[in-house]
Structures are given as structure tokens and as C-alpha cells.
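So you can see what is in the structure, the chains are spelled out below.
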Amino acid sequence: MKKISLKVAVVLCAGAFLFSSCIGSFGLFNKYEKWQCNMTGNKFVNGIVGLILQPIVAPVCLFVDALVLNTIEFWTGNSPITAKVGTTQQVMGKDGRYYAVKTLKDGYEVTAPTGEKTLFIHDAATDSWSMTQNGVTKELFRFNADGTIQATLQNGETLNVRADEAGMQQVQDAVLGTQDLYAQR
């Protein structure tokens, strides 16, 4: 039997800590994976269809999980994928105040402590997410047929990006501009 060196043991332990997720359960991606593995009774057909769908659907599911669903799960403690329509949860915002987040059939209604309501709605026809506040609706982003995402910037311009970290960085750079952000103590 071979001996495991100290370096290998340290790398394995570090990997166990670094790759454990503390921001969410990636519920949408996991549901897709479960469906993909069990869509037919034949594992070979599932594998072939999975090879076709995986490059398209998986990045979109991961992007939605990382951007929207895991963020909600992180702040509320509950996965929106398993949330029942009509349930309301109190979520503390960055400002230290509590907001009521109500699960709707097609999105979420967020009520501020002042009573102001903001809707985040998914439109299945255009596969997009929009925000409605004070009667004004603005599209936030939409999923394109080619697997990319069209983000709508604050100035109304749109930006097509890949559904990955590089795409998220492009959107962040477009929103923040070339500002250098430094942590302060």
C-alpha cells in the first residue's frame, strides 16, 4: 500500500473546505440534473439527450442559481425552488431593515418597511426577469436562444454575455465602469 504524502493530504483537506458551498444549494441545477437522469426509463437515451442538452441548459441553470436563487436562499435561509406560492418570509436587507418577500407563481413581491412594493417577475414567453417598481417595469435580463444572456444596464443599453463567470464580470464591469474598488477598514 502506498503512503499518502503530507502535501496530498493538505491539498485534499483544502479542497474539501474550498469546494463546499455556503451560498446556496443550487436547487434549480440539481432539479435539472435529476430530471435529465430520469427523463426516460433507458439510461442510454438519457445519456444521449443529456449530451445534447447539457451544454445549453446547465449553464443557464447555474447562472440563474448563482445570480438569483442562491442569493435569495442565502438571505432568507430557504430555497425559492422549494418555496410554496403565497408564502411570505422576512428578510433583512443590507440596510439592516426587514423586507417581506412573498413568493408568487411567476416571481417575487418584495415589500419594504415603508410599504413600497417591488415585483420581480419571470416572463415565460420571453424567458426574461423584470422588476416593477412604482408602476414602472424594467427588464433586468433575458435568456437568449443561443445560451447567452442579455443583461439590461441601468442606462437602458443591453449587453449580451455568456452564462458564466466571465459574462458576470462583463456585466459588473459595464455597471461599475472602470472604478477601482478597495476595501476599507
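Remember, predicted model here, so these are calculated numbers, not experimental data.

So, how was this worked out
- Residues numbered from 1 in each chain as written.
- Predicted model: local features only at pLDDT ≥ 70, side-chain atom pairs only at ≥ 80, totals over all residues.
- Heavy atoms only, no water.
- Helix = DSSP H or I, 4+ residues; strand = E, 2+ residues; numbered from the N terminus.
- Contact = heavy atoms within 4.5 Å.
- Areas by Shrake-Rupley, 256 points an atom, 1.4 Å probe, with all protein chains shown as cover.
- Core = buried A, V, L, I, M, F, W, Y, C linked by side-chain atoms within 4.5 Å.
- Buried < 20%, exposed > 50% of the residue type's maximum accessible area, 1.4 Å probe, protein only.
- 1 Å grid on protein atoms, 1.4 Å probe; cavity = no way out; pocket = protein on both sides within 12 Å on 5 of 7 lines; lining within 4 Å.
- Points joined across faces, edges and corners; volume = space filled by probe spheres on them.
- Nonpolar A, V, L, I, M, F, W, Y, C, P; charged D, E, K, R; others polar.
- Pairing = 2+ DSSP bridges.
- Axes fitted to C-alpha atoms, helices over the stretch in contact; angles between N-to-C directions.
- Phe/Tyr/Trp six-rings, centres within 6.5 Å; stacked < 30°, edge-to-face > 60°.
- Expected span 1.5 Å × (residues − 1).

Draft legend 1. Just the overall build of the protein, in detail. For the protein, the count of helices and strands is four helices and eight strands. When the helices and strands of the protein are listed from N to C terminus, the series reads α-α-α-β-β-β-β-β-β-β-β-α. For the protein, the proportion of contacts with a sequence separation of at least 24, taken over those separated by at least 6, is 21%. Surface exposure of the protein reaches about 13200 Å², of which carbon and sulfur atoms provide 61%.

Draft legend 2. Quick peek at the nonpolar core. Phe63, Phe141, Phe143 and Ile149 are the most contacted members of the largest nonpolar core, which has 19 residues in total. Elements with a contribution of two residues or more to this core: helix H3 (43-76), strand E2 (98-104), strand E3 (107-111), strand E6 (136-143) and strand E7 (149-152). Counting residues per element, this core draws most heavily on H3, at five residues.

Draft legend 3. Structural context of the layout of surface pockets. Reported here for the largest pocket is a volume of approximately 1500 Å³. In terms of lining, the largest pocket is formed by 39 residues, of which the most central are Leu67, Thr71, Phe120, Met131 and Leu140. With seven residues, the single largest contributor to the lining of the largest pocket is H3. Of the residues contributing to the lining of the largest pocket, the split by class is 26 nonpolar, nine polar and four charged.

Draft legend 4. Fine view of the sheet that holds E2. In spatial order, the strands read E1-E2-E3-E4-E5-E6-E7-E8; together these eight strands make up an open sheet with antiparallel pairing. The open sheet has two free edges, formed respectively by strand E1 (88-92) and strand E8 (158-161), since each of these has just one partner strand. Sheet twist, expressed as the average angle between the axes of neighbouring strands with direction ignored, equals 25 degrees. With six bridges connecting them, strand E5 (residues 128-133) and E6 associate as antiparallel partners. In the sheet register, tryptophan 129 faces E6, and the bridge partner there is phenylalanine 141.

Draft legend 5. Looking closely at the packing of aromatic side chains. In the structure shown here, the tally under the stated rule is four aromatic pairs. Between the aromatic rings of tyrosine 32 and tryptophan 35, the centroid separation amounts to 6.2 Å while the plane-to-plane angle is 35 degrees, which identifies the pairing as tilted. On the criterion of helical spacing, the pair formed by tyrosine 32 and tryptophan 35 is a turn pair, its members being three residues apart in helix H2 (residues 27-38). Look at tyrosine 108 and tryptophan 129: their rings are 6.4 Å apart centre to centre, the planes differ by 10 degrees, and that puts the pair in the stacked class. Of the two residues, tyrosine 108 is situated in strand E3 and tryptophan 129 in strand E5; the sequence distance between them amounts to 21 residues. Given a relative accessible area of 8%, tyrosine 108 falls into the buried group. The class for tryptophan 129 is buried, based on a relative accessible area of 12%. Among the aromatic residues, ring-to-ring pairing joins Phe63, Phe141 and Phe143 into one connected group.

Draft legend 6. Representation of unusual backbone geometry in the model. One non-glycine residue, aspartate 127, lies in positive phi territory at about 50 degrees. Turning to its location among the elements, aspartate 127 is positioned in the loop between strand E4 (117-123) and E5. Despite not being glycine, asparagine 134 shows a phi value in the positive range, around 55 degrees. Following the sequence through the fold, asparagine 134 ends up in the loop between E5 and E6.

Draft legend 7. Molecular detail of H3. Along its 34 residues, H3 runs just 37 Å from first to last C-alpha, ending more than 12% under the 50 Å computed at 1.5 Å per residue. Backbone geometry just downstream of H3 places glycine 77 in the positive-phi region, at approximately 90 degrees.

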